[in-house]
Amino acid sequence: MTKVQARQRIAKLREEIDRYRYAYHVLDQSLISDAAQDSLKHELEQLEQEYPDLVTPGSPSQRVGGAPRPEFATAEHASRMLSLVDVFTEDEFRAWADRVSKRAEASLDFFVEPKQDGLALSLVYERGVLVRAATRGDGRVGEDVTANVKTIEAVPLHLADAATIRRHRAALAPALRLLGDWEAMVAQAHRGRLEIRGETFIGKRAFAAVNAAAEKTSGKQYANPRNLAAGSIRQLDSTVTARRRLSFFAYALIGIDCATHEQEHALANVLGVPVNPLSNRCDAVGDVLRYYERLGAQRKKLDYEIDGIVVNVNSRVAFTELGVLGKAPRGAIAFKWPGEEATTTVEAIRVQVGRTGTLTPVAILAPVNVGGVTVTHATLHNADQIRRLDVRVGDTVIVHRAGDVIPEVMSVLTNLRPTRTKSYRFPSHCPICGSAVEKRRVGTKTGQSAAYFCANPGCYARQRERILHCTRRGGYDIDGIGEKTVDKFLELGLLTDPASLWELHAEDIAQLEGFGQTSAENLVRAIAARKTVALDRFVLSLGIPQVGEETSRALAVAMTQESSGRAPLTPRDVLRWLDAQTLDTLQEIPDIGPTVAGAILAWVRVRDNRTMIERLHDVGVTIAASRPLHAASEKFAGKTFVFTGELAVMTREDAEALVRTHGGKAASSVSKHTDYVIAGERAGSKLRQAEQLGVLVIDEQQFLRMVQ
Ligand code: IVH
């Protein structure tokens, strides 16, 4: 993205985020989910990080909380109540951990705690007595909500003193051990002013109870526990707050010197302020990641909502020295679980043909993490849906993914639409076979809707065949992808044409039944390893009618000769060469008569066939020289070769052919007659046998040097 584009995008994002905020806080309307809003804010923050000079004081990214309500007295904070930067992926988290370790010039340990989804509170104790409770407000000035907070049982009205603590010494033993000279610290806490910051929230069960009661009396429901907690704290009548059964966990102490964040927690705890018991110290980044995973798996079972973890640099000295950037401390970060919704942009809309001929539009998306999975495709269901959403290429959309259901485009944020976009027009002809498309009305769960069909019964088969053709031995020879897999991927819209093979993402596949992370990664790797293909195989895999193996070779030879021995190295070169042919020139090629020549020319004229080649070019498929037709030399005469493992440059079949054209023999198993074993990646038992038998083992590069 250029700076000019970034500037425009930033302006639009700010406007949109402000609009949602206004609707939510002033008009009481929730226009968009929290997750989708977070996703937009995240994009804004990323852009602002990339172009820091585009940050303005009025940007929503610079905001902390909201302005105080006039009904409450204002409460000024002794030090600014900050916010946290959010990250959603392991990579982003690691980047943060690297950054802080580098800056602090030390290897750091961390203190991690659940990120409570509630409302931040500041509690001020003077000589151990609660004198003021305030909301965060804009970070500098909040609302004085002391009367309401005093109804929350979890918040002590006065701090525990040394005598009380001593009485519970057994139960508090771990915390006291951690504090060391705890008596001095407790004394300090009682001496002057101590501020405790934390989160007030309402449990899921309490929330359900309040909502049930509200439903009966007013018919109104609260959207989520956080809204209810915020509403309850800002009640003018404290007896209402009292009935809401709010809870509280502390996360920071201000005005007392602890060596670590862990100690701060322990001290708050012994002073009688609850801290989340699931908090933990982590020695290394790996431990934090495991904690994040573990808590993520158990969060649904907790009685309160958490939307991530907060990771703090444990050492207070390092934390303070790291300082503050904008609204957030550098030494802490919110590592959130991605919501089931996120925003992203539409890069293309493609149509896929189902088994029954139904045409299903699929949005190809800029990769986005939805619910912990990278999503690159989302269904648009049908033409009606496209029309209803008016989704266009370039649009910012909300994508929803629940469980292992296919992700779908829920809505379009039209305010973020770039200029000069066009309404999507559903193709009038099938993109696979070119037949006219038929419109039919079909029944769906929600009533009738229009669906488009390709009337050609062979169409799905053709699309499928085209892809399978590529995966087979005569084509790109891709291991681990068979008919079943291709069918499944076609159905889900993960595959639409041969080029889409190289656009598969392990994350998309890993979610499917029958796959796991490892098998998905292996498949994607196997496909990636086959991005280079011999010219004759490239031609063959295009699936031109009448063009089989022999004709493909003949065409490849002709192409190579005409480009003065240099093989046309890109798919686009092949297209150009085909375009330059006539019935006459094609018939000059051995083996090609008028029928085949005609079939080739007709094929090249079909737009979708051209697109297929262009797409192969765009995804980076490259073409290697054709395999020679005749023996090139006798240099391997009398020698036997065995290939094992995955080769990087050639297919195994090509490598074996190469051995043969140089007069050698290619065998499939290792014996004492074997002269060379060529071991690729992940070579297995054959490599071990070779080693046992003392056969010479070389790698692919060495083999290629021998050939040359
Ligand atoms: S530490 C510098 N710890 O998340 C701000 N915050 O997005 C100190 N929150 O304003 C935050 N649980 O209201 C911290 N265990 C936790 C938290 C937590 C919830 C909230 C807090 C903060 C917001 C930042």
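Quick caveat, the model's predicted, so the values are computed rather than measured.

A.B. asks: Which residues make up the overall build of the protein chain, and what are the values?
C.D. replies: In terms of regular secondary structure, the protein chain is built from 27 helices and 26 strands. Dimensions along the principal axes, computed over C-alpha positions, put the protein chain at roughly 100 × 70 × 45 Å. Across the 708 residues that make up the protein chain, the buried fraction comes to 50%. By sequence separation, contacts in the protein chain at least 24 residues apart represent 69% of the contacts at least 6 residues apart. Put simply, the protein chain shows about 33,800 Å² of open surface, and 51% of that area lies on carbon and sulfur atoms. For the protein chain, the distance from the average position of its 91 positive side-chain charges to the average position of its 87 negative side-chain charges is 2 Å.

A.B. asks: Tell me about unusual backbone geometry, and please be specific about residues and values.
C.D. replies: With a phi close to 50 degrees, Arg 245 is a non-glycine residue in the positive phi region. With respect to the secondary-structure elements, Arg 245 resides in the loop between α10 (238–243) and β8 (246–254).

A.B. asks: So what's going on with the site of the ligand? Residues and values would help.
C.D. replies: Taken together, the neighbourhood of the ligand is formed by 13 residues, with Glu 113, Lys 115, Gln 116, Arg 136 and Glu 199 sitting nearest. At 2.9 Å from a nitrogen atom of the ligand is found a side-chain nitrogen or oxygen belonging to Glu 113. Residue Pro 114 places a main-chain N or O atom 3.1 Å away from a nitrogen atom belonging to the ligand. Relative to its unbound accessible area of 510 Å², the ligand is 87% covered by the protein chains. Considering each element in turn, the shell around the ligand owes the most residues, four residues, to strand β3 (residues 110–116).

A.B. asks: Describe the sheet that holds strand β25 (residues 676–679), listing the residues and the values that go with them.
C.D. replies: The sheet built from four strands is open, its strands ordered β24-β23-β25-β26 with parallel pairing. Looking at which strands have only one partner, the edges of the open sheet turn out to be β24 (665–667) and β26 (696–698). In this sheet, adjacent strand axes meet at a mean angle of 30 degrees when their direction is disregarded. Pairing geometry for β25 and β26, over three bridges, is parallel. Note that in β26 the partner of Tyr 676 across the bridge is Leu 696. Across the sheet, helix α26 (residues 685–693) lies against β23 (640–644), β25 and β26, angled at about 135 degrees from β23, the strand it touches most.

A.B. asks: I'd like a description of the sheet that holds strand β9 (residues 280–282), backed by residues and values.
C.D. replies: An order of β2-β13-β10-β3-β9 is seen for the five strands of this open sheet, with the pairing classed as mixed. Each edge of the open sheet is held by one strand with a lone partner, namely β2 (86–87) and β9. Running over the sheet, helix α3 (residues 90–104) touches β2, β3, β10 (306–313) and β13 (332–336) and is turned about 170 degrees from β13.

A.B. asks: Provide a residue-level description of the pairing of strand β15 (residues 359–370), including the pertinent values.
C.D. replies: Burial within β15 is extensive, with ten of its twelve residues counted as buried. Looking at chain direction, β15 and strand β16 (residues 373–379) are connected through six bridges and run antiparallel. Following the sheet pairing, Asn 369 is matched in β16 by Thr 374. Between β15 and β16, which pair antiparallel in sequence order, lie two residues; one of them, Gly 371, sits at a positive phi of approximately 55 degrees.

A.B. asks: Can you tell me about helix α12 (residues 285–298), naming the residues and giving the values?
C.D. replies: An α-helix turns once per 3.6 residues; consequently, residues spaced three or four apart project the same way. Its 14 residues place the ends of α12 20 Å apart at the C-alpha level, agreeing with the 20 Å of an ideal helix rising 1.5 Å per residue. Looking at α12, one finds that the buried residues are Val 285, Val 288, Leu 289, Tyr 291, Tyr 292 and Leu 295. Along the axis of α12, the buried positions cluster into a sector of 160 degrees, meaning they face one direction only. Facing away from the buried surface of α12 by more than 90 degrees, the exposed residues are Arg 290, Glu 293 and Ala 297. Structurally, α12 contributes buried residues whose contacts are with α3, β3, β9, β10 and β13.

A.B. asks: Break down the packing of aromatic side chains for me, with residues and values.
C.D. replies: Evaluated as defined, the whole model comprises 17 aromatic pairs. Ring centres of Phe 636 and Phe 641 lie 4.7 Å apart, and the angle between their planes is 50 degrees; this geometry places the pair in the tilted category. A single burial state applies to Phe 636 and to Phe 641, both of which are buried. Between Phe 641 and Tyr 676, the aromatic rings sit 5.1 Å apart at their centres with planes inclined by 20 degrees, giving stacked as the arrangement. With Phe 641 in strand β23 and Tyr 676 in strand β25, this pair connects stretches of sequence that are 35 residues apart. Across the pair, Tyr 676 and Phe 641 agree in class, each one buried.

A.B. asks: Residue-level account of the packing of helix α15 (residues 459–471) against helix α16 (residues 483–492), with values.
C.D. replies: Taken N-terminus to C-terminus, the directions of α15 and α16 make an angle of 125 degrees; their axes are 10 Å apart at the nearest point. Relative to α16, the element α15 lies oblique. Read as a crossing pair, α15 and α16 show a hand that is right-handed. Contacts from Tyr 460, Gln 463, Arg 464, Ile 467 and Leu 468 of α15 reach α16 at Glu 483, Val 486, Asp 487 and Leu 490. A breakdown of the residues in the contact of α15 with α16 according to their chemical character gives five nonpolar, one polar and three charged.

A.B. asks: How would you summarise the pattern of salt bridges if you had to cite specific residues and measurements?
C.D. replies: Taken as a whole and assessed by the stated rule, the structure comprises 37 salt bridges. Close ionic contact of Arg 14 with Glu 48 constitutes a salt bridge, the shortest N to O distance being 2.8 Å. Taken together, the residues span a long stretch of sequence, with Arg 14 in helix α1 (residues 3–25) and Glu 48 in helix α2 (residues 34–50) at a distance of 34 residues. The buried category is assigned to Glu 48, whose relative accessible area is 5%. A salt bridge links Asp 117 to Arg 226, with the shortest nitrogen-to-oxygen separation between them at 3.1 Å. Residue Asp 117 is located in the loop between β3 and β4 (119–126), and its partner Arg 226 is located in helix α9 (residues 225–233); the two are separated by 109 residues in the primary sequence. Residue Arg 226 is classed as partly exposed on the basis of its relative accessible area of 24%. Residues participating in the shared-partner salt-bridge network are Asp 38, Asp 86, Asp 307 and Lys 336.

A.B. asks: Could you give an account of the nonpolar core, naming the residues involved and the relevant values?
C.D. replies: In terms of nonpolar packing, the biggest core is built from 83 residues, with Phe 538, Leu 555 and Ile 600 touching the most fellow members. By residue number, the principal contributor to this core is helix α23 (residues 594–605), which donates six residues. With residues up to four places along the chain from it excluded, the contact list for Leu 555 reads Val 539, Val 547, Trp 577, Leu 586, Ile 589, Ile 592 and Ile 600. With 46 residues, the next largest nonpolar core counts Phe 72, Leu 130, Ala 230 and Val 270 among its residues.

A.B. asks: How would you explain helix α25 (residues 652–661) if you had to name every residue and give the values?
C.D. replies: Judged by how many residues are buried, α25 sits mostly within the fold: seven of ten residues are covered. Taken together, the buried positions of α25 are occupied by Asp 654, Ala 655, Glu 656, Ala 657, Leu 658, Val 659 and Thr 661. As for α25, its buried residues are in contact with β21 (532–534), α19 (535–541), β23, β24 and α27 (700–707). Directly beyond the C-terminal end of α25, a positive phi value near 85 degrees is found at Gly 663.

A.B. asks: Residue-level account of the packing of helix α21 (residues 571–579) against helix α24 (residues 607–618), with values.
C.D. replies: Two measures define how a pair of helices packs: the angle their axes make with one another and the distance between the axes. Orientation of α21 relative to α24, taken along the N-to-C sense of each, is 150 degrees, at an axis distance of 8 Å. The pairing of α21 with α24 is recorded here as roughly antiparallel in orientation. Contact residues: α21 offers Pro 571, Arg 572, Leu 575 and Asp 579, while α24 offers Arg 610, Ile 613, Glu 614, Leu 616, His 617 and Asp 618.

Here is what the cut-offs are and how they apply
- Residue positions within a chain follow its written sequence, with the count starting from 1.
- Side-chain atom pairs in this predicted model are given and counted only at pLDDT of 80 or more, local residue features only at pLDDT of at least 70, and totals for whole chains, interfaces and linings cover all residues.
- Excluded from the side-chain calculations are hydrogens and water; all other atoms, namely the structure's heavy atoms, are used.
- Here a strand is any run of E in DSSP of at least two residues, a helix any run of H or I of at least four, and the numbering for each starts at the N terminus.
- Using a 1.4 Å probe on the protein chains alone, a residue whose accessible area is under 20% of its type maximum counts as buried, one over 50% counts as exposed, and one in between counts as partly exposed.
- Contacts between residues were defined by any pair of non-hydrogen atoms, one from each residue, lying within 4.5 Å.
- Computed by Shrake-Rupley with a 1.4 Å probe, the accessible areas treat only the displayed protein chains as cover when residues are assessed.
- Counted as positive: Lys and Arg. Counted as negative: Asp and Glu. His and the chain ends are not counted at all.
- Taken as the charge location is NZ of Lys, CZ of Arg, CG of Asp or CD of Glu.
- If a single non-hydrogen atom of a residue is within 4 Å of a molecule or strand, that residue counts as near it.
- Throughout this description, a polar contact denotes any pair of N or O atoms lying within 3.5 Å of each other; where both atoms belong to protein, one of them has to be capable of donating a hydrogen while the other can accept it, and for residues adjacent in sequence the pair is counted only when both atoms sit in side chains.
- Strand pairing follows a simple DSSP-based rule, namely that at least 2 bridges must link the two strands.
- The axes used here are C-alpha line fits, helices contributing only the stretch in contact, and every angle between their N-to-C directions lies in the interval 0 to 180 degrees.
- Helix span, expected: 1.5 Å multiplied by one less than the number of residues in the helix.
- For this quantity, the arc is that covered by the directions from the helix axis to the C-beta atoms.
- Classification of ring pairs uses Phe, Tyr and Trp, with its six-membered ring standing for Trp, and accepts pairs whose centres are within 6.5 Å; under 30 degrees between planes counts as stacked, over 60 as edge-to-face, and the remaining range as tilted.
- Roughly parallel here means an angle under 35 degrees, roughly antiparallel means over 145, roughly perpendicular means 65 to 115, and every remaining angle is called oblique.
- When the near helix sits turned anticlockwise from the far one by under a right angle, the crossing is termed left-handed; a clockwise turn instead gives a right-handed crossing.
- Residue type decides the class: Asp, Glu, Lys and Arg count as charged, Ala, Val, Leu, Ile, Met, Phe, Trp, Tyr, Cys and Pro as nonpolar, and the leftover types, Gly among them, as polar.
- Salt bridge, as applied in this entry: a Lys or Arg side-chain nitrogen positioned within 4 Å of an Asp or Glu carboxyl oxygen.
- By convention a nonpolar core is built from buried Ala, Val, Leu, Ile, Met, Phe, Trp, Tyr and Cys residues, the set being connected through side-chain atoms within 4.5 Å.

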